[in-house]
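Chain by chain, the residues:
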Amino acid sequence: MKWNASRSTCLAVLASALMPAGVAVAQTTPAIAPVADKGDAAWMLVATALVLLMTVPGLALFYGGLVRSKNMLSVLMQVLYSLSVVAVIWVLYGYSLAFTDGGNLNAFVGGLDKALLRGVTVESLAETFTKGVFIPEYAFIAFQLTFAAITPALIVGAVAERIRFQALALFLPLWVTFVYVPVAHMVWFWGGPSAFGAPAGFLFSMGAIDFAGGTVVHINAGVAGLVGALLVGRRLGFRHELMVPHSLTMTLLGAGLLWVGWLGFNAGSALEASGGAALALINTIVAPAGAALGWLAAECLGRHKPSLLGAITGAVAGLVAVTPAAGYASPCGAIVLGLIAGAVCYWACTTLKNRLGYDDSLDVFGVHGIGGIVGAIGTGIVASPALGGTGIFDYAAGAVGDYSIASQVLIQSKAVLVTILWSAIGSAILLKLVDRVVGLRADNDQEREGLDLSDHGERAYNV
Amino acid sequence: MKWNASRSTCLAVLASALMPAGVAVAQTTPAIAPVADKGDAAWMLVATALVLLMTVPGLALFYGGLVRSKNMLSVLMQVLYSLSVVAVIWVLYGYSLAFTDGGNLNAFVGGLDKALLRGVTVESLAETFTKGVFIPEYAFIAFQLTFAAITPALIVGAVAERIRFQALALFLPLWVTFVYVPVAHMVWFWGGPSAFGAPAGFLFSMGAIDFAGGTVVHINAGVAGLVGALLVGRRLGFRHELMVPHSLTMTLLGAGLLWVGWLGFNAGSALEASGGAALALINTIVAPAGAALGWLAAECLGRHKPSLLGAITGAVAGLVAVTPAAGYASPCGAIVLGLIAGAVCYWACTTLKNRLGYDDSLDVFGVHGIGGIVGAIGTGIVASPALGGTGIFDYAAGAVGDYSIASQVLIQSKAVLVTILWSAIGSAILLKLVDRVVGLRADNDQEREGLDLSDHGERAYNV
Amino acid sequence: MKWNASRSTCLAVLASALMPAGVAVAQTTPAIAPVADKGDAAWMLVATALVLLMTVPGLALFYGGLVRSKNMLSVLMQVLYSLSVVAVIWVLYGYSLAFTDGGNLNAFVGGLDKALLRGVTVESLAETFTKGVFIPEYAFIAFQLTFAAITPALIVGAVAERIRFQALALFLPLWVTFVYVPVAHMVWFWGGPSAFGAPAGFLFSMGAIDFAGGTVVHINAGVAGLVGALLVGRRLGFRHELMVPHSLTMTLLGAGLLWVGWLGFNAGSALEASGGAALALINTIVAPAGAALGWLAAECLGRHKPSLLGAITGAVAGLVAVTPAAGYASPCGAIVLGLIAGAVCYWACTTLKNRLGYDDSLDVFGVHGIGGIVGAIGTGIVASPALGGTGIFDYAAGAVGDYSIASQVLIQSKAVLVTILWSAIGSAILLKLVDRVVGLRADNDQEREGLDLSDHGERAYNV
Amino acid sequence: MKLVTAIIKHHRLDAVRAALVELDVSGMTVTEVSGYGRQKGHTETYRGAEYKVDFVPKLKIEIATREELADQIIAAITASARTGQIGDGKILVTPIEQAIRIRTGETGEDAL
Amino acid sequence: MKLVTAIIKHHRLDAVRAALVELDVSGMTVTEVSGYGRQKGHTETYRGAEYKVDFVPKLKIEIATREELADQIIAAITASARTGQIGDGKILVTPIEQAIRIRTGETGEDAL
Amino acid sequence: MKLVTAIIKHHRLDAVRAALVELDVSGMTVTEVSGYGRQKGHTETYRGAEYKVDFVPKLKIEIATREELADQIIAAITASARTGQIGDGKILVTPIEQAIRIRTGETGEDAL
Ligand SMILES: Nc1ncnc2c1ncn2[C@@H]1O[C@H](COP(=O)(O)OP(=O)(O)O)[C@@H](O)[C@H]1O
Ligand SMILES: Nc1ncnc2c1ncn2[C@@H]1O[C@H](COP(=O)(O)OP(=O)(O)O)[C@@H](O)[C@H]1O
Ligand SMILES: Nc1ncnc2c1ncn2[C@@H]1O[C@H](COP(=O)(O)OP(=O)(O)O)[C@@H](O)[C@H]1O
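Residues numbered from 1 in each chain as written. Chains lettered and ligands numbered in written order. Predicted model: local features only at pLDDT ≥ 70, side-chain atom pairs only at ≥ 80, totals over all residues. Heavy atoms only, no water.

J.: Mind laying out the site of ligand 2, listing which residues take part and the relevant values?
T.: Around ligand 2 lies a shell of 20 residues, among which Arg38 and Gly87 of chain E together with Thr29, Ala64 and Arg101 of chain F are the nearest. Around ligand 2 the close residues trace back to chains E and F. Between ligand 2 and the protein, one listed contact pairs an oxygen atom with a backbone N or O atom of Tyr36 of chain E at 3.5 Å. A distance of 3.3 Å separates a nitrogen atom of ligand 2 from a polar backbone atom of Gly27 of chain F. The fraction of the free accessible surface of ligand 2 (550 Å²) that becomes covered by protein chains is 98%. Here the element with the most residues in the shell around ligand 2 is strand β5 (residues 56–65) of chain F; it accounts for 3 residues. (Near = heavy atom within 4 Å. Polar contact = N/O pair within 3.5 Å; in protein donor to acceptor, adjacent residues only side chain to side chain. Areas by Shrake-Rupley, 256 points an atom, 1.4 Å probe, with all protein chains shown as cover. Helix = DSSP H or I, 4+ residues; strand = E, 2+ residues; numbered from the N terminus.)

See the structure below:
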């Protein structure tokens with residue numbers, strides 16, 4: 001999927017443009033070194049910046065606003081730490097394990113050929129989904145780094161307000177290594193358009209489609225969150241004491257930054273500044289809009305007042321659900337997907353959670369897990385050309401292939417199942433391990449005092 | 001203005017670059033399908049993200065910081081709702097009514113040919129202001145969506161702290177449909193450079209220039225806000241009780257995000273990543289800088305201390321004023337325009353408002369209405385090549401045309417007048433209607449308690 | 001370094017691509033007018049927006065969160081004012097003095113040829129670091145404007161909570177004129193790849209490398225901050241009273257925005273959307289990540305709890321340190337540089353500061369001064385091809401030149417020294433002058449009451 | 001001397017202060033408090049989780065006064081703080097044994 | 001009448017309120033306070049600067065009551081606020097000479 | 001027992017606390033309050049709208065003490081809180097009839 005080009009894009013384009021015809025004819029296609037289009041490169045640089053914005057400050061504040069002020073810094077710290085430690089891991093070995101060929105284990109994980117980013121230079125290129133279109137490999141690495149960094153940070157919300165920082169400091173890098181990287185490899189690794197027949201990851205080979213990470217990021221983190229909430233246990237005073245968001249202002253701000261950043265997340269996943277990226281972009285605006293309205297409608301039907309937190313949560317659920325579908329659905333399809341995700345996640349965060357009684361502090365499972373599942377399976381439906389979707393490009397045929405909603409939904413469901421199992425089992429094992437080593441949970445006094453003081457020796461506000 | 005291209009940009013560029021000379025000669029221009037430049041596409045994707053940033057969280061926090069904390073969430077909700085409902089409307093029919101040919105009604109409104117975005121695909125293109133330069137139509141739709149979404153959200157500030165959410169929930173979609181969409185069509189709809197003679201919108205045909213929406217967005221919303229403030233009436237305790245911003249921190253943050261996002265709003269309105277876009281960009285930095293200084297100077301002359309809220313409000317006034325001028329004025333011209341807008345809006349928000357006695361809670365009219373008028377008329381001056389401006393491109397002549405400040409100012413003034421009338425009358429009718437159906441105003445107890453609890457059942461802060 | 005192109009990029013590219021071969025041959029290179037690549041232009045527009053984001057709201061909130069709430073607005077105001085006044089100065093004469101040939105004084109400062117941006121049009125181009133690759137000059141001006149605006153704003157943190165607004169209102173424009181502009185000229189002015197032999201700035205000629213402003217921005221501001229802290233004196237109650245950050249939430253938010261914006265700052269300094277920009281981008285993610293971990297490790301070694309403020313400060317120190325190295329270091333090199341910068345700045349902000357006893361309120365010297373020095377000298381090491389760095393391109397040879405770590409470190413150290421001296425002497429003179437004219441320091445009552453009320457007549461929060 | 005303590009609604013503060021200033025009351029101290037009483041609180045809902053909040057924000061005003069003025073102060077507060085709706089609040093009178101002005105060291109009624 | 005003032009830990013508020021409501025106490029007023037006492041505070045560190053914070057957040061509950069009920073109230077608070085750890089707080093009883101309900105003008109025990 | 005209540009300026013808290021600790025005062029309770037008195041407030045202006053704010057932020061310190069210590073406490077506070085400028089605040093002394101330590105149930109002076 002990568003290619004070493006010996007010259008910079010622009011010179012090559014100009015050179016080829018200006019080249020005397022005879023020479024151009026003589027140079028048949030293979031002689032032309034691939035170059036990155038500057039427009040694509042510009043877009044991927046920006047998309048990376050946008051996804052970084054999602055984690056810190058976006059997700060940090062979205063989550064932080066929802067906890068009580070005595071735990072504000074603990075959540076911010078956990079998210080910032082996740083970003084920092086994963087960024088380093090990604091360079092050391094994460095990128096290599098996720099995005100190189102893994103030999104015998106290739107169905108599940110990559111190899112160490114590019115550990116320490118060995119061999120990557122400013123001239124290295126990564127192929128996009130269009131044959132012959134490349135972006136600088138460093139841009140691809142950085143873009144994928146931001147995905148790897150936000151996913152474990154999402155889990156934090158499920159165990160917030162009671163897990164020890166030490167436990168997370170150990171768990172997050174382990175989880176990225178043993179859960180995120182393999183799932184990313186299974187879903188996303190392939191040979192690229194120029195080698196589409198090469199061995200790919202397990203779920204990719206199965207034909208599952210996931211435009212920007214519905215399974216890899218959201219179901220993965222959502223399920224890990226549920227497992228975490230169950231293993232760490234309920235907060236002291238859960239269901240007895242007032243546990244209300246300490247600043248919905250920060251939650252709105254965080255959600256707004258998440259939304260904006262998500263445009264880079266989804267439309268950047270096109271890897272090109274193309275019409276397809278523009279489709280993903282508009283879908284990433286209208287699906288959450290629909291989902292916000294869906295949640296508000298569900299609230300009104302449930303005889304509650306329409307709430308800002310509801311609209312925000314709905315919008316995030318819509319963003320989650322449209323993630324796997326962004327480049328496949330029509331805008332109308334995306335709106336419908338959003339509406340449904342908004343209403344279903346409302347049910348999950350209220351009825352379902354209450355019935356099962358787990359304490360998923362910030363509804364990571366209810367929004368990312370359930371929203372991710374709605375999106376992953378819904379993608380099988382809205383991607384259908386019969387419903388205005390783009391269908392799936394068949395690289396062998398060089399055209400969009402035949403599409404059967406039923407069979408695609410089946411494939412999608414299988415991919416969902418594999419992700420759930422991998423994440424649930426992997427997360428459970430790692431959490432048990434961490435519990436042994438450092439203990440997962442703050443003691444009662446610390447939890448009462450708040451993790452900000454007990455874990456970090458600081459307070460968020462001094463007014 | 002749109003064009004269906006059958007191939008992706010990059011392939012076409014490379015193909016044409018590599019094509020043997022003989023073939024290229026044979027293929028005369030019409031045979032080349034138009035393609036989008038990836039650089040332009042990248043820029044429009046980003047510009048869209050930047051304008052989204054303006055609404056949520058930008059405008060939401062800018063406004064939210066200015067109200068009392070008991071009404072914080074109500075304002076955030078109104079802005080988020082505006083974005084959500086307009087995003088859906090835009091796909092359903094808004095884009096079509098604004099940006100397609102409206103047949104007999106074409107002077108005022110478009111048609112329904114592209115309702116549900118019928119016929120738009122990832123290959124559809126929209127022509128920019130340069131002949132033969134195209135961007136993906138989805139990018140154009142998304143970019144315009146964000147304009148349509150922020151405009152009604154601006155109105156919210158004028159009626160904040162007393163209007164019922166139900167009333168706005170009804171009013172905002174109606175207003176977008178009957179006020180925003182027609183004005184956008186009147187000002188912006190034309191055939192594009194390749195068909196510049198085709199029937200265009202009423203104000204466009206008149207020769208009014210509005211680079212990024214001074215009339216469509218700011219005067220339009222500012223006037224609607226004034227009408228709203230008058231019809232909804234003053235807040236309880238207006239001029240008797242302390243009504244001070246609950247968090248200027250949030251207002252600064254919101255203004256900062258507005259400023260950054262506005263770079264996408266104005267420079268994105270060039271539709272290309274061109275030198276013209278760069279001009280609009282630098283003007284969108286220096287005009288608000290000048291306006292902030294202008295407001296501060298006015299404060300000092302008025303024997304007040306130089307205030308942060310003053311500097312912020314001045315900067316926003318400068319952003320408003322430079323909006324129609326961004327691509328036409330020289331940076332020096334933009335600074336002068338900003339300085340004047342800062343000082344004039346200071347007068348409008350203090351002297352004028354006090355004299356007339358209306359309660360425009362967050363000075364939507366004083367900043368967007370008055371600032372918009374200063375900008376729209378000032379554009380007629382600073383656009384003049386004699387003053388360093390770019391003048392107006394004459395597509396028939398293929399060059400910048402002759403320029404008369406006097407006559408352009410006259411045309412601009414007419415466009416301002418039409419916008420004021422359309423907005424004032426349309427807004428008044430719609431508000432009266434909404435008042436009949438659900439009632440505009442919260443009752444006194446609810447207003448005292450705060451709209452957060454009464455309308456949404458939540459509180460912003462729980463410290 | 002600039003070039004006037006007579007046609008827009010895209011048309012030229014297409015035209016040349018489609019041109020019959022015979023004509024292309026006839027047109028030898030000099031006949032082709034240089035054009036800006038739209039992808040590069042798009043990236044520079046965005047990079048400018050990102051750097052704007054760094055100042056307001058980024059830096060404003062990062063600093064604001066660290067002061068006591070009674071001084072919140074004063075800090076926000078000082079930063080916003082810095083941006084506003086510098087933006088205007090940049091157009092009036094700043095750009096010209098920094099980036100044109102200064103004749104006899106050219107080693108130290110430029111001339112006034114482009115004062116008021118005379119002669120710059122939408123067609124003007126600025127050459128990048130690649131021969132024949134251009135961006136719109138307005139984009140270059142705007143990008144550099146944002147650098148000039150943030151640098152004096154950095155100083156604000158060192159004298160926060162006690163300096164009068166009037167004093168800063170005078171000092172900041174003077175400082176930009178007499179300190180920033182000359183240093184920028186010394187480090188960055190050269191003839192460009194097409195005229196690399198032309199007279200350049202003093203430090204540039206010396207062979208010092210500074211990818212994105214480690215000397216110009218950070219050491220410069222850090223040293224000025226230290227001088228300011230010494231001349232303005234300690235805050236009342238320093239070391240006796242509780243002086244704790246009033247909102248680490250805002251500090252996290254500001255730091256997050258700084259980080260995201262810094263991607264534009266560093267990767268934008270490549271001036272192209274190239275693989276080199278992508279390298280700078282990933283380094284700007286992994287170096288602060290490493291530095292955050294470095295600071296946390298130092299805290300733990302120092303038997304403190306790992307703190308959020310520590311992780312944040314470390315990340316900023318890493319951003320500072322990687323600034324001069326971003327385009328030269330390998331990602332692994334950047335991580336190591338970050339780790340070291342995090343640990344060293346921890347020492348500087350705790351041990352060093354305590355021992356010397358100055359009151360640098362927000363550690364501008366400890367983070368930007370020290371971090372900048374670590375980065376500037378470290379760049380001489382990590383840039384070495386032997387350590388995976390890119391080395392330095394030799395324009396005469398048209399290839400990367402030989403590299404000696406020892407001699408480059410020596411050159412870097414000299415550049416650091418010159419910057420320290422220029423900034424220290426210049427800042428001291430200007431501060432003494434301002435003290436004479438308006439007085440630097442608020443009186444005790446004002447300082448007790450807080451600068452928000454005494455200088456600006458406002459309060460940040462009214463809950 | 002007496003300490004008159006009144007619990008009132010927020011938006012009556014200006015009126016109460018004005019009424020007290022009319023009486024030549026030279027000072028008072030105000031505290032933000034939460035009250036529980038006959039006046040009902042409200043319900044908040046966050047993602048479907050309902051919380052009944054029984055406490056209502058109130059202001060507490062304390063006025064140290066010489067004995068003779070106490071009744072006038074009570075009357076003035078009663079008149080100016082009253083809206084007639086549940087939750088208007090209470091006034092309590094408690095004895096003060098000594099008062100000192102920190103700045104001057106004056107004691108007794110001179111200190112007020 | 002008596003004023004019973006209790007300083008308690010935040011997380012005991014619900015229990016105390018419930019215990020008081022059992023006794024038919026019709027109202028109370030709650031204030032956020034900072035307490036200094038035997039219970040140790042905590043240390044905060046910002047960029048290496050250590051601050052010892054000796055004050056601990058507490059709640060103050062005030063109940064105006066007729067004399068007869070005071071002992072029961074004290075007992076109820078003692079029972080419901082106790083965790084057995086240092087810092088559980090104090091109860092003080094002070095005399096009230098007069099009470100007025102602002103809404104109705106009722107005085108004395110009727111006002112409570 | 002007596003309750004000594006002092007209204008002081010924020011920045012004198014540390015000095016006052018230190019002075020009280022010298023006297024072996026074992027505890028105190030501090031509340032953020034707004035004071036109205038001789039000390040003038042300030043003016044705030046937002047977009048040209050001027051607001052005169054008459055209230056000044058103050059701290060209220062309450063110390064329950066056995067009778068004998070009250071005068072020393074008053075002296076200590078007076079000395080440590082004084083800046084000599086208007087607004088230094090007041091000290092009020094009121095009677096306490098009973099005190100209880102919640103943790104142990106101790107009563108009277110033992111509870112303090
Ligand atoms: N017994 C009491 N002790 C202390 N404060 C009380 C008591 N009863 C009421 N309050 C205070 O007075 C406020 C108003 O009382 P409430 O019963 O709601 O209305 P009303 O004063 O109209 O009877 C309460 O919110 C509370 O702060
Ligand atoms: N003498 C006192 N006067 C006023 N308040 C006191 C006094 N002593 C203690 N307090 C309050 O009671 C709280 C608890 O007291 P502390 O000595 O910490 O524990 P305990 O009540 O278990 O002995 C303190 O935080 C303070 O608010
Ligand atoms: N009569 C009073 N009752 C209650 N508090 C008072 C009274 N007079 C003053 N105070 C409190 O004391 C503070 C200081 O009083 P002030 O008159 O400003 O200065 P000084 O104490 O120097 O005379 C006021 O802010 C207020 O909180």
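From this point, things continue past the structure.
J.: Give me the packing of helix α10 (residues 275–301) of chain B against helix α4 (residues 72–99) of chain C: which residues, what numbers.
T.: At a minimum axis distance of 8 Å, the contact between α10 of chain B and α4 of chain C shows a crossing angle of 120 degrees. Put simply, α10 of chain B runs oblique to α4 of chain C. Here α10 of chain B and α4 of chain C pass one another in a crossing that is left-handed. On the side of α10 of chain B, the interface is formed by Ile285, Val286, Ala289, Gly290, Ala292, Leu293 and Leu296 of chain B, while α4 of chain C contributes Met77, Tyr81, Ser84, Val85, Ala87, Val88 and Val91 of chain C. (Axes fitted to C-alpha atoms, helices over the stretch in contact; angles between N-to-C directions. Parallel < 35°, antiparallel > 145°, perpendicular 65-115°, else oblique. Left-handed = near helix turned anticlockwise from the far one by under 90°. Contact = heavy atoms within 4.5 Å.)

J.: How would you sum up the pairing of strand β2 (residues 28–36) of chain E? Please name residues and give values.
T.: Most of β2 of chain E is tucked away: 7 of the 9 residues are buried. Bridge count for strand β2 (residues 28–36) of chain D against β2 of chain E is 3 bridges, and the pairing is antiparallel. By the bridge assignment for β2 of chain E, Ser34 of chain D is matched with Val30 of chain E. Here β2 of chain E pairs with strand β5 (residues 56–65) of chain E via 7 bridges, running antiparallel. Paired with Thr31 of chain E across the two strands is Lys60 of chain E, which belongs to β5 of chain E. (Buried < 20%, exposed > 50% of the residue type's maximum accessible area, 1.4 Å probe, protein only. Pairing = 2+ DSSP bridges.)

J.: Any chance you could break down the confidence of the model for chain D for me, citing the residues and the numbers?
T.: Residue-level pLDDT values for chain D average 96, and 100% of them are 70 or greater. Confidence estimates for the predicted assembly give a pTM of 0.95 and an ipTM of 0.95. (pLDDT = per-residue confidence, 0-100.)

J.: Break down the site of ligand 3 for me, citing the residues and quoting the values.
T.: Looking at ligand 3, there are 20 residues lining it, with Thr29, Arg101 and Arg103 of chain D together with Arg38 and Gly87 of chain F nearest. Chain contributions to the surroundings of ligand 3 come from chains D and F. Between ligand 3 and the protein, one listed contact pairs an oxygen atom with a side-chain N or O atom of Arg101 of chain D at 2.4 Å. For ligand 3, an oxygen atom lies 3.1 Å from a polar atom in the backbone of Gly89 of chain F. About the coverage of ligand 3: the protein hides 98% of its 550 Å² of free accessible area. Within the residue set of the shell around ligand 3, elements represented by two or more residues are β2 and β5 (56–65) of chain D together with β2 (28–36) of chain F. By residue class, the composition of the shell around ligand 3 is 6 nonpolar, 7 polar and 7 charged. (Nonpolar A, V, L, I, M, F, W, Y, C, P; charged D, E, K, R; others polar.)

J.: For the interface of chain A and chain C, give the residues involved together with the corresponding values.
T.: Contacts between the two partners involve 57 residues from chain A and, on the opposite side, 57 residues from chain C. Around 4,600 Å² of area is buried between chain A and chain C when both sides are counted, 81% of it from carbon and sulfur atoms. Broken down residue by residue, the surface that chain A buries against chain C is led by Lys38, Leu45 and Tyr138 of chain A, which jointly contribute 14%. Run the count over chain A and chain C and you get 2 salt bridges. In this structure, the salt-bridge partner of Lys38 of chain A is Glu272 of chain C, at a minimum N-O distance of 2.8 Å. The interface formed by chain A and chain C holds 11 residue pairs in polar contact (both at pLDDT 80 or more) in total. It is helix α3 (residues 38–66) of chain A that contributes the most residues to the side of chain A that touches chain C, 14 residues altogether. Across the side of chain A that touches chain C, the residue classes tally to 45 nonpolar, 8 polar and 4 charged. (Buried area = accessible area lost by both parts, 1.4 Å probe. Salt bridge = Lys/Arg side-chain N within 4 Å of Asp/Glu carboxyl O.)

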